[in-house]
Amino acid sequence: MSHSDSLRQSPLHAEHEALGASFTPFGDWSMPLKYGKELDEHRAVRTSAGLFDLSHMGEVRVTGPQAAEFLDYALISHLSALAVGRAKYSMIVRPDGGILDDLITYRLRDHEFLVVPNASNTATVVAALRERAEGFEVTVEDESTSTALIAVQGPRGQEIVLSLLAPEDHEALRTLKYYAAFSATVAGIPDVLVARTGYTGEDGFELFTPNATAPALWEAAFQAGKPHEIRPAGLAARDSLRLEAAMPLYGNELSEELTPIDAGLGVLVSKKKEGDFVGRAALDSVEQPSRLLVGLVSEGKRAARAGATVLSEEGAEVGVVTSGQPSPTLGHPIALAYVDRTLATPGTELTVDIRGKHYPFRVVETPFYRRSR
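Residues numbered from 1 in each chain as written. Predicted model: local features only at pLDDT ≥ 70, side-chain atom pairs only at ≥ 80, totals over all residues. Heavy atoms only, no water.

*Asks:* Looking at this structure, how should I read the environment of Val192?
*Replies:* Along the chain, the position of Val192 falls in strand β12 (residues 189-195). Taking the relative accessible area as the measure of exposure, Val192 reaches 0% and is therefore buried. Taking C-alpha positions, Val192 is 9.5 Å from Leu217, a pair spaced 25 residues apart along the chain. Setting aside anything within four residues of it in sequence, one finds Val192 in contact with Phe182, Ser183, Ala184, Val186, Leu207, Phe208, Thr209 and Leu217. (Helix = DSSP H or I, 4+ residues; strand = E, 2+ residues; numbered from the N terminus. Buried < 20%, exposed > 50% of the residue type's maximum accessible area, 1.4 Å probe, protein only. Contact = heavy atoms within 4.5 Å.)

*Asks:* Any chance you could explain helix α9 (residues 235-244) here in plain terms?
*Replies:* Because each turn of an α-helix spans 3.6 residues, side chains separated by three or four positions in sequence point in the same direction. Of all 10 residues in α9, nine are buried; the element is thus mostly enclosed. Along α9, the residues that are buried comprise Leu235, Ala236, Ala237, Arg238, Ser240, Leu241, Arg242, Leu243 and Glu244. Buried residues along α9 sit against β2 (22-26), β3 (29-34), α3 (38-47), β4 (49-53), β17 (317-326) and β18 (333-340). Phi turns positive one or two residues past the end of α9, at Ala246, with a value near 55°.

*Asks:* Please explain the UniProt feature "domain: GCVT N-terminal" (unreviewed entry) in the protein as it appears in this structure.
*Replies:* Residues given the UniProt feature "domain: GCVT N-terminal" (unreviewed entry) here are residues 12-273. Taken as a whole, residues 12-273 contains 26% helix and 29% strand, while its terminal C-alpha atoms sit 41 Å from one another. (UniProt positions renumbered as here; feature names shortened; annotations may be inferred.)

*Asks:* Is there a simple way to explain the sheet that holds β3 in this structure?
*Replies:* Across a sheet, paired strands are connected by hydrogen bonds in the backbone, their directions being either parallel or antiparallel. The three strands lie next to each other as β1-β3-β2, forming an open sheet whose pairing is mixed. Among the strands making up the open sheet, the edge pair consists of β1 (8-9) and β2. As paired elements, β2 and β3 share five bridges and run antiparallel to each other. Bridge pairing in β3 links Phe26 to Trp29. Sheet strands touched by α9: β2 and β3. Its angle to β3, the strand with the most contacts, is close to 70°. (Pairing = 2+ DSSP bridges. Axes fitted to C-alpha atoms, helices over the stretch in contact; angles between N-to-C directions.)

*Asks:* I keep staring at the UniProt feature "domain: Aminomethyltransferase C-terminal" (unreviewed entry) in the protein and nothing clicks. Help me out?
*Replies:* Mapped onto this numbering, the UniProt entry annotates "domain: Aminomethyltransferase C-terminal" (unreviewed entry) at residues 291-369. Along residues 291-369 the backbone is 0% helical and 53% strand, and the end-to-end C-alpha distance reaches 23 Å.

*Asks:* Even after reading the chapter, I still don't get the sheet that holds strand β20 (residues 357-364), so can you show me in this structure?
*Replies:* Spatially, six strands are ordered β15-β18-β17-β16-β19-β20 in a closed barrel, and the strand pairing comes out antiparallel. Strand-to-strand, the axes of this sheet are offset by a mean angle of 45°, without reference to chain direction. Of the strand pairs in this sheet, strand β19 (residues 349-354) and β20 are connected by six bridges, and their pairing is antiparallel. Bridge pairing links Glu349 to Arg362 in β20.

*Asks:* How do you make sense of the pattern of salt bridges when you look at a structure like this?
*Replies:* Note on pairing: side chains with opposite charge can pair once their charged atoms come close. Counting across every chain of the model gives 14 salt bridges. A salt bridge links Asp203 to Arg196; the shortest N-O distance between them is 2.8 Å. One exposure class covers both Asp203 and Arg196, and it is buried. With a shortest N-O distance of 2.9 Å, Asp239 and Arg242 are connected by a salt bridge. On the criterion of helical spacing, the pair formed by Asp239 and Arg242 is a turn pair, its members being three residues apart in helix α9. Beyond isolated ion pairs, a larger network of salt bridges with shared partners links Arg61, Arg109, Glu112 and Glu143. (Salt bridge = Lys/Arg side-chain N within 4 Å of Asp/Glu carboxyl O.)

*Asks:* Just checking my understanding: could you explain the pairing of β3 for this structure?
*Replies:* In terms of strand pairing, β1 meets β3 through two bridges, oriented parallel. In the strand pairing of β3, Arg8 is matched with Trp29. Two successive antiparallel strands, β2 and β3, enclose a turn made up of two residues, where Gly27 displays a positive phi of approximately 65°.

This is how it looks when you write it as structure tokens:
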């Protein structure tokens, strides 16, 4: 059996094949890389709308009388303070503070939460949560293999999703805050969790539904989006979009070798919640990192890719690029990099070694792209 034959397929695999998708391995999954030109898919999300299959993401349901207290212990943030219907970006770390994953947690009811880890880390997160659940009156259920996730992202996303809802749910969608969610019937499919979240830097919605109803929901969203110039979009566009928005990617900007403080995300570590949580002692003792995550831009044409060495103007090694490529929206190369904190001030001139040649880059504030409101 070849490696491609052993990969898991999305419940929407047949739909992607019909649309002419090119597939790529992504962790244990075979997922659409692109359907045509990835630049067209990227631009559609910035100007109209893109339709994404995110069914490779994990879904872990946490229920029980102590669900909130348990998540306060298992994750670094104050989840018990989260209101029903709201979501929070957080992290799960090792006892030594190393990042196991960054994830989003939705509070569905007082004693019910949905934790959404990254695809490549789902098994690790599930194992850690189950281990940490000992002593808590809580149930941890991995629903990843039975749940599909479809995203409609872009400035016309709200119009598209509105057209799929019953009129009585329109106001709920229009007034839905960022990082909030509610359950609704979508395109005739009941109990779809509609979340105003995304990974593109645009307004948009993520729709959770069982595998069995995913093809009908995908087709309904695609047809509803055609008058709004929607395009199916793959992993290539998703990566360029998230980089323009300076959103960290696990395995690039985040890893087990880094703590949330190292990654510049110490704000996620709750100072308010009482009691212990996994990693608290280690994170309390972490010193300010010697390197900071910054944005880099170049006026040239050569893009710095992950792993490229960042140099000072004097030629000393001062950092490493974690993500980089030409920005379709901005028209010049952009990158994220960890650099010495003394050189992290916006406006600082640096160089990057790209295949043995040095090219000028400048430190800038992030995100590189910010949508107009």
